[in-house]
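Single-letter residue listing:
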Amino acid sequence: MDILDIIKPENQVFCKTKLMTDTALSYCPGCGHGTAHNLAMEVIDEMGISEDTIGVAPVGCSVLAYDFMNIDITQAAHGRAPAVATAIARCWPDKYVFTYQGDGDLAAIGTAETIHACNRGENIVIIFVNNGIYGMTGGQMAPTTLEGMRSSTSPYGREIDTMGSPLKMTELIANLPGVQYVTRQAVHTHKHARKAKKALRKAFENTRNKKGLSFVEIVSNCNSGWKMNPIESNIWMEENMFPYFPLGDIKVDGKLK
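Values in this document were obtained by computation on a predicted structure and should not be read as measured data.

Quick look at the side chain of Ser154 now. Note on placement: Ser154 falls in the loop between β4 (125-130) and α7 (160-163). Residue classification places Ser154 among the buried residues on the basis of a relative accessible area of 1%. Within the local environment of Ser154, its side chain forms a polar contact with the side chain of Ser151, the two groups lying 2.6 Å apart. In contact with Ser154, not counting residues within four places along its chain, are Met141, Met149 and Met163.

Take a look at the structure:
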């Protein structure tokens with residue numbers, strides 16, 4: 001069979017969503033951010049809501065999301081994305097508003113904004129990428145850095161006695177009454193990516209149905225910050241991150257699992 005007989009629209013199994021621009025991703029090879037970007041844009045495209053969606057990108061590796069996502073996006077100061085998203089959603093209640101934040105942004109400088117937006121039950125989606133480290137600014141210890149995990153500011157590993165325990169933002173947020181949907185997913189395999197996309201779809205459908213805040217955590221790797229190659233970092237993530245940050249739904253339709 002000639003290859004041209006195969007390359008037909010009816011045989012196509014995948015195509016890049018038009019909501020991802022042609023700009024080359026600036027993320028490190030093997031990073032989960034690119035997959036997370038694409039999944040979010042696929043969901044928005046498939047729901048037909050691109051003209052009514054507004055994203056909020058803060059500071060960190062996600063700061064350049066507006067270069068890659070072909071939708072309306074504004075930038076917030078470090079940690080303030082939930083506050084900016086709140087303002088947008090209240091001014092335009094029929095819009096689909098989401099934030100895209102890393103753990104250094106959401107769980108450190110933005111802890112207050114995150115907690116209070118969730119507690120109020122704002123009708124927004126928060127996408128939280130957790131790679132256990134400050135990826136963009138030099139690999140410093142983040143609130144989510146695991147015990148014993150080395151970073152540029154914890155060269156001997158995180159010590160619980162002096163540095164506290166890694167912060168489980170997703171479990172913390174799930175207990176707030178204003179939150180409708182809370183889940184933790186990953187994107188490093190096809191199976192995990194499909195589950196993450198399903199979770200993102202549910203989150204944006206909650207916005208459509210005015211159900212309140214949805215919180216989707218994506219546990220990812222940071223192979224450059226962890227000083228590993230992409231394959232090693234994914235294995236390390238499965239063996240170390242997942243036991244402490246277990247994947248799956250935590251709160252669905254306003255009820256804890």
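For the rest of this paragraph, the subject is the pattern of salt bridges. Counted under the stated rule, the structure contains 13 salt bridges. The partner of Arg80 in a salt bridge is Glu113, and the shortest N-O contact between them spans 3.0 Å. Of this pair, Arg80 sits in the loop between β2 (72-75) and α4 (81-91) while Glu113 sits in helix α6 (residues 111-120), placing them 33 residues apart in sequence. Put simply, Arg90 and Glu122 hold a salt bridge, and the shortest N to O gap is 2.6 Å. With Arg90 in helix α4 and Glu122 in the loop between α6 and β4, this residue pair connects regions lying 32 residues apart in the sequence. Accessibility expressed as a relative area gives 55% for Arg90, which makes it exposed. Taken together, the shared-partner salt bridges in this structure form one network comprising Glu42, Glu46 and Lys197.

Before going further, it helps to examine the sheet that holds strand β8 (residues 255-256). Spatially, the eight strands line up as an open sheet ordered β2-β1-β3-β4-β6-β5-β7-β8, and their pairing is mixed. Looking at the sheet topology across the chains shown, the edges are occupied by β2 and β8. In terms of strand pairing, strand β5 (residues 179-186) meets strand β6 (residues 213-219) through seven bridges, oriented parallel. In the sheet register, Gln185 faces β6, and the bridge partner there is Ile218. Across the face of the sheet, helix α2 (residues 33-47) comes into contact with β1 (53-57), β3 (96-102), β4 and β6 while running at roughly 175° to β3.

Turning next to the environment of Asp249. Tracing the chain through its elements places Asp249 in strand β7 (residues 248-252). A sequence separation of 33 residues divides Asp249 from Val216, and the C-alpha atoms of the two residues are 9.2 Å apart. The contacts of Asp249, once residues within four sequence positions are left out, are Tyr181, Val182, Thr183, Gln185 and Lys257. Of note is the side chain of Asp249, whose polar atom sits 3.2 Å from the side chain of Tyr181. Of the polar contacts made by the side chain of Asp249, one reaches the side chain of Thr183; its length is 2.7 Å.

Looking now at the packing of aromatic side chains. Aromatic rings considered in pairs are described by the distance between their centres and by the relative angle of their planes. The final tally for this structure, using the stated rule, is five aromatic pairs. Seen in terms of ring centroids, Phe98 and Phe204 are 5.8 Å apart; in terms of plane orientation they differ by 75°. Their pairing is edge-to-face. Here Phe98 is found in strand β3, whereas its partner Phe204 is found in helix α9 (residues 190-208), with 106 residues between them in sequence. By the burial criterion, Phe98 is buried, and Phe204 matches it. Arranged with centres 5.0 Å apart and planes meeting at 80°, the rings of Tyr244 and Phe245 form a pair that is edge-to-face. Residue Tyr244 is classed as partly exposed on the basis of its relative accessible area, which comes to 26%. Over the face of the ring belonging to Tyr244 we find Lys168, whose NZ or CZ atom lies 4.4 Å from the ring centre.

With that out of the way, let us pick up the pairing of β5. Burial runs high along β5: eight of the eight residues are buried. Running through α9, the crossover from β5 to the neighbouring parallel element β6 is right-handed. Here three bridges tie β5 to β7, and the two strands are oriented antiparallel to one another. If you follow Thr183 over to β7, its bridge partner there is Asp249.

Formed by 34 residues in total, the largest nonpolar core has its most connected members in Met41, Ile44, Phe98, Ile127 and Phe204. Taken together, the elements giving at least two residues each to this core come down to α2, α3 (65-68), β3, β4, α9 and β6. No other element matches α2, which puts seven residues into this core. In this structure, Phe204 is in contact with Val43, Ile44, Met47, Ile49, Tyr96, Phe98 and Val125, ignoring residues within four places of it in sequence. Judged by nonpolar contacts, the second largest core, of 23 residues, contains Val56, Val97, Ala107 and Phe128.

Definitions and cut-offs
- Residues numbered from 1 in each chain as written.
- Predicted model: local features only at pLDDT ≥ 70, side-chain atom pairs only at ≥ 80, totals over all residues.
- Heavy atoms only, no water.
- Helix = DSSP H or I, 4+ residues; strand = E, 2+ residues; numbered from the N terminus.
- Buried < 20%, exposed > 50% of the residue type's maximum accessible area, 1.4 Å probe, protein only.
- Polar contact = N/O pair within 3.5 Å; in protein donor to acceptor, adjacent residues only side chain to side chain.
- Contact = heavy atoms within 4.5 Å.
- Salt bridge = Lys/Arg side-chain N within 4 Å of Asp/Glu carboxyl O.
- Pairing = 2+ DSSP bridges.
- Axes fitted to C-alpha atoms, helices over the stretch in contact; angles between N-to-C directions.
- Phe/Tyr/Trp six-rings, centres within 6.5 Å; stacked < 30°, edge-to-face > 60°.
- Lys NZ or Arg CZ within 6 Å of the ring centre and 35° of its normal.
- Right-handed = clockwise from strand over helix to strand, strands pointing away.
- Core = buried A, V, L, I, M, F, W, Y, C linked by side-chain atoms within 4.5 Å.

Read these as layout, nothing more, since geometry by itself doesn't imply function.
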